[in-house]
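A look at the structure
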There are 2 protein chains.
Amino acid sequence: MDPADRIERALRAAVAPLSSPDSPPTLIAAVQHAIFPGGSRVRPRLCLAVASACGDAAPALSEATAVAIELIHCASLVHDDLPCFDDAPVRRGLPSVHAAFGQPLAVLAGDQLIALSFEVLAQAALVDALPAPQHAVRAVRLTQVVGRAVGVPHGIIGGQGWESESCIPAAVYRRAKTGALFEAAAVGGAVAAGQDGGAWRTFGQRIGEAYQLADDLLDVSGDPEEIGKPVGRDEALGRPNVAVQLGVHGTRRLLRELVHEAIEAMPSCYHADELRAWVRELSEKLSIARRPPSRLHAGADTA
Amino acid sequence: MDPADRIERALRAAVAPLSSPDSPPTLIAAVQHAIFPGGSRVRPRLCLAVASACGDAAPALSEATAVAIELIHCASLVHDDLPCFDDAPVRRGLPSVHAAFGQPLAVLAGDQLIALSFEVLAQAALVDALPAPQHAVRAVRLTQVVGRAVGVPHGIIGGQGWESESCIPAAVYRRAKTGALFEAAAVGGAVAAGQDGGAWRTFGQRIGEAYQLADDLLDVSGDPEEIGKPVGRDEALGRPNVAVQLGVHGTRRLLRELVHEAIEAMPSCYHADELRAWVRELSEKLSIARRPPSRLHAGADTA
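These lines cover the structure that appears in this document, whether it is placed above or below. (Residues numbered from 1 in each chain as written. Chains lettered and ligands numbered in written order. Predicted model: local features only at pLDDT ≥ 70, side-chain atom pairs only at ≥ 80, totals over all residues. Heavy atoms only, no water.)

1. Digging into the environment of Asp86(A)
Residue and element names in this part refer to chain A. For clarity, the cut-off: Strands here mean DSSP runs of E at least two residues long; helices mean DSSP runs of H or I at least four residues long; both are numbered from the N terminus. Relative accessibility decides the category of a residue: with a 1.4 Å probe and only protein chains considered, values under 20% of the type maximum give buried, values over 50% give exposed, and everything between is partly exposed. Throughout, a contact is declared for two residues whenever any of their heavy atoms are within 4.5 Å.
Tracing the backbone through its elements, the reader meets Asp-86 in the loop between helix 4 (59-80) and strand 1 (90-91). Residue Asp-86 is classed as buried on the basis of its relative accessible area of 12%. Separated by 147 residues in sequence, Asp-86 and Arg-233 have C-alpha atoms that sit 8.4 Å apart. Apart from the residues within four sequence positions on either side, Asp-86 is in contact with Asp-80, Asp-81, Arg-233, Leu-237 and Arg-239.

Spelled out as structure tokens, the structure:
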């Protein structure tokens, strides 16, 4: 199955059990709105690409990991968009969750997505409704991988938390707020496939840094209509943006260097050529999509 | 070790890894403020009481379950207190998290507590830093138990979500918003100890219903100074309150019946007498603490 289809199908399967006669229907709609239609799904795609390169011996665990990481990403967008944070009325070209459903359901939808992320990992350890020991061991490891990418100090909540401090350590902030989920996607893809996750950490970090640079570029030179969210937010909110410091061309050069470093950092695996090709294709998309609007050749690859 | 000490020690051990030079310090302070000093810790105490009655063969898993359930409870209080929900300035006699640290850190602290809850369960499956198969299987089951108590449709988020609907099904709402964590405490305590969790579901439900009644009583007849939070909230917020319908005496009679039903529903276990005594003691505390202020004989047993 095409990875994009596999991800959408797995996401739909993950949220299906939430709907029941005992479920508050508007909250279910808010959760659905937070996930569908998605953005680029780049994190779950990275996860499945690494799992495939590692042989993908346990597809249910790979899919669960990809889903868990995308759900955490969606949760972070829903909460980041709240009035008390970015106060963003638009996301992916549609009203943000709080704009469409109100703040209470946006808070709850984010909470639900975080909890569901961990439940999905546990669910993937079941064989015939019972936890299978080997899968359970991997599910525990995957919970640690995803947990690290969510919480303080290394994860996305840690990064977000720095925004309430008077002095933000730029490297720590970016690694936690953006890099952590990419790192988890790579490490988790390998762990799900039964390989050593730690060996994939640098690879995931470099891809995450490249993606962050592309996002910085987009914030200074993107077209809000094309990318489905406002631009110039970093400057307005006083957040570090590399493209402001290095300029568009310097940033794109650094982006290519990071992709090269990612490929160099790839551990040996069953299907290294396919993964290298995938990374080069991603790099190409990031470079194209981050050109100024007048030179845009392809649909933007937004979050 | 005294169960109360065991719970506080386990909670402190669970949050200790959050603190590091890379952690945003005010968020860490907000997370600590959400957990310490605690309320009655009735849910983790119920969890440890059931685990002890079942032999408590894996104390690390019992403690992790107790901690996970209390962290979810704390998360729900932090988010429930937000201005977009109850707008409560005071909790446990101190400023609520958003009153003390602002809304952004209150949202993030709640998110962190949810994620940490699941991480703690995974952590408890480790023996010498590696997941042990038998413990990993139980950690997966416990993740399902806790996940059910958190998410839609059966858990606390589901209950909270009903507050955004025009028509609230009272029984579903209360079972999800209050009952689910008590049920999880009982079921999880048994699972952590290697016993059949499902057999403990009714016991946990009845204890949860009794506690909810006591809370309803408190809301109509408590002293805000004594209980550390405002009263009359249910009426102000248009929420179902049994004590309004049945009166104080009728509600206390029903409370005693529920405790009796809980004891009747206890499955056979190693230390049934101790657990029955614990339930009776809890029942006594609930009845005393929920008397009108002029007749209060003991410190209130608030959330």
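Once you've had a look at it, read on.
2. Some words on the nonpolar core
Cut-off, in case you're wondering: Nonpolar cores were defined as sets of buried Ala, Val, Leu, Ile, Met, Phe, Trp, Tyr and Cys residues, with membership established by side-chain atoms within 4.5 Å.
If you look at the biggest cluster of nonpolar residues, it comprises 176 residues, and the most contacted ones within it are Phe203(A) and Phe203(B). Among all residues touching Phe203(B), those that are not within four sequence positions of it are Leu46(B), Val50(B), Ala186(B), Ala262(B), Ala265(B), Met266(B), Leu275(B) and Val279(B).

3. Details of the packing of helix 4 (residues 59-80) of chain B against helix 7 (residues 133-150) of chain B
Helix-helix packing is characterised by the crossing angle of the two axes and by the distance between the axes. Residues and elements named next belong to chain B. Condition: Interaxial angles span 0 to 180 degrees and are taken between N-to-C directions of axes, which are lines fitted to C-alpha atoms, for helices over the stretch in contact. In what follows, roughly perpendicular refers to angles from 65 to 115 degrees, roughly parallel to angles under 35, roughly antiparallel to angles over 145, and oblique to any angle outside these ranges. Take the far helix as the reference: if the near one is turned anticlockwise from it by less than a right angle, the crossing is left-handed, and if turned clockwise, right-handed. We call Asp, Glu, Lys and Arg charged. Ala, Val, Leu, Ile, Met, Phe, Trp, Tyr, Cys and Pro are nonpolar, and the rest, Gly among them, are polar.
One can describe the packing of helix 4 onto helix 7 by two numbers: an axis separation of 11 Å at closest approach and a directional angle of 20°. Considered as vectors, helix 4 and helix 7 are oriented roughly parallel to each other. With respect to the hand of their crossing, helix 4 and helix 7 are arranged in right-handed fashion. Facing Leu-61, Thr-65, Ala-68, Ile-69 and Ile-72 of helix 4, the residues of helix 7 in contact are His-135, Arg-138, Leu-142, Val-146 and Val-150. Across the contact of helix 4 with helix 7, the residue classes break down as seven nonpolar, two polar and one charged.

4. Topic: the interface of chain A and chain B
Basically, it comes down to this: Throughout, buried area stands for the accessible area (probe radius 1.4 Å) lost by two parts on being put together, summed over both. Salt-bridge detection follows one rule: a side-chain nitrogen of Lys or Arg within 4 Å of a carboxyl oxygen of Asp or Glu. Polar contact criterion, stated in full: a pair of N or O atoms within 3.5 Å, where within protein one must be able to donate a hydrogen and the other to accept it, and residues adjacent in sequence count only if both atoms are side-chain atoms.
Residue-level contacts link 56 residues of chain A with 56 residues of chain B. Together chain A and chain B conceal approximately 4500 Å² of surface at their shared face, both sides included; 72% is due to carbon and sulfur atoms. Viewed at the interface, chain B and chain A are joined by zero salt bridges. For the pair chain A and chain B, the number of links is eight residue pairs in polar contact (both at pLDDT 80 or more). When contributions to the side of chain A that touches chain B are tallied by element, the ones reaching two or more residues are helix 2 (25-35), helix 6 (103-123), strand 4 (130-131), helix 7 (133-150), helix 8 (156-162) and helix 9 (170-192) of chain A. Of all the elements, helix 6 of chain A adds the most residues to the side of chain A that touches chain B, at 13 residues. Its residues placed into classes, the side of chain A that touches chain B shows 34 nonpolar, 15 polar and seven charged.

5. Let's talk about helix 1 (residues 3-15) of chain B
Residue and element names in this part refer to chain B. Just so we agree on the cut-off: One fewer than the residue count of a helix, multiplied by 1.5 Å, yields its expected span. Our arc is simply the arc of the directions from the helix axis toward the C-beta atoms.
For helix 1, which comprises 13 residues, the first-to-last C-alpha distance of 19 Å matches the rise-based estimate of 18 Å (1.5 Å per residue) to within 8%. Those residues of helix 1 that sit buried are Arg-6, Ile-7, Ala-10, Leu-11, Ala-14 and Val-15. Mapping the buried residues of helix 1 onto a view down its axis gives an arc of 155°, with all of them on the same face. Structural note: helix 1 exposes Arg-9 and Ala-13 on the side pointing more than 90 degrees away from its buried face.

6. Comments concerning the packing of aromatic side chains
One pair of aromatic rings is described through two measures. These are the centre distance and the angle between the planes. Residue and element names in this part refer to chain A. Note the cut-off: A pair of Phe, Tyr and Trp rings is counted when the ring centres sit within 6.5 Å of each other, with Trp represented by its six-membered ring. The angle between the planes then sorts it: under 30 degrees is stacked, over 60 is edge-to-face, the rest tilted. Two thresholds decide whether a charge sits over a ring: the Lys NZ or Arg CZ must be within 6 Å of the ring centre and within 35 degrees of the ring normal.
Taken as a whole and assessed by the stated rule, the structure comprises five aromatic pairs over all chains. Ring geometry for Trp-200 versus Phe-203: centroids 5.4 Å apart, planes at 85°, classification edge-to-face. Per residue, the accessibility class of Trp-200 equals that of Phe-203, and both read buried. The ring of Phe-36 has Arg-12 sitting right over it, with the charged end atom 3.9 Å from the ring centre.

7. Overview of unusual backbone geometry
Leave glycine aside and you will find that most residues have negative phi; peptide bonds, for their part, are mostly trans. Between Phe36(A) and the following residue, Pro37(A), the backbone shows a cis peptide bond with an omega angle of -10°. Along the chain, Pro37(A) falls in the loop between helix 2 and helix 3 (42-53). Of note, the amide linkage connecting Val152(A) to Pro153(A) takes the cis form, showing an omega dihedral of 0°. Mapped onto the fold, Pro153(A) is located in the loop between helix 7 and helix 8. Although it is not a glycine, Asp87(A) sits at a positive phi angle of roughly 50°. Looking at the element boundaries, Asp87(A) is found in the loop between helix 4 and strand 1. On the accessibility criterion, Asp87(A) (44% relative accessible area) is partly exposed. The backbone of Arg41(B) sits at a positive phi, close to 55°, despite the residue not being glycine. In this structure, Arg41(B) sits in the loop between helix 2 (25-35) and helix 3 (42-53).

8. Re the pattern of salt bridges
For the structure shown, the criterion picks out 28 salt bridges over all chains. Of the charged contacts in the structure, one is a salt bridge between Arg91(A) and Asp81(A), with a shortest N-O distance of 2.9 Å. With Arg91(A) in strand 1 and Asp81(A) in the loop between helix 4 and strand 1, the pair connects residues that are 10 residues apart, well separated along the chain. One exposure class covers both Arg91(A) and Asp81(A), and it is buried. One salt bridge connects Arg6(B) with Asp56(B), and the closest N-O pair in it is separated by 3.1 Å. One end of the pair, Arg6(B), is in helix 1; the other, Asp56(B), is in the loop between helix 3 and helix 4, with 50 residues separating them in the sequence. Residue Arg6(B) is classed as buried on the basis of its relative accessible area, which comes to 12%.

9. What to know about the state of the cysteines
Residues and elements named next belong to chain B. What counts here: The disulfide criterion is simple: two cysteine sulfur atoms within 2.5 Å.
Taken as a whole and judged by the stated rule, the model has zero disulfides over all chains. Note on Cys-47: no disulfide assigned, nearest cysteine sulfur contributed by Cys-54 at a separation of 10 Å. According to the relative accessible area criterion, Cys-47 is buried, its value standing at 0%. Of the cysteine sulfurs around Cys-74, a residue in no disulfide, the closest is that of Cys-47, at 14 Å. For Cys-74, a relative accessible area of 1% translates into the label buried.

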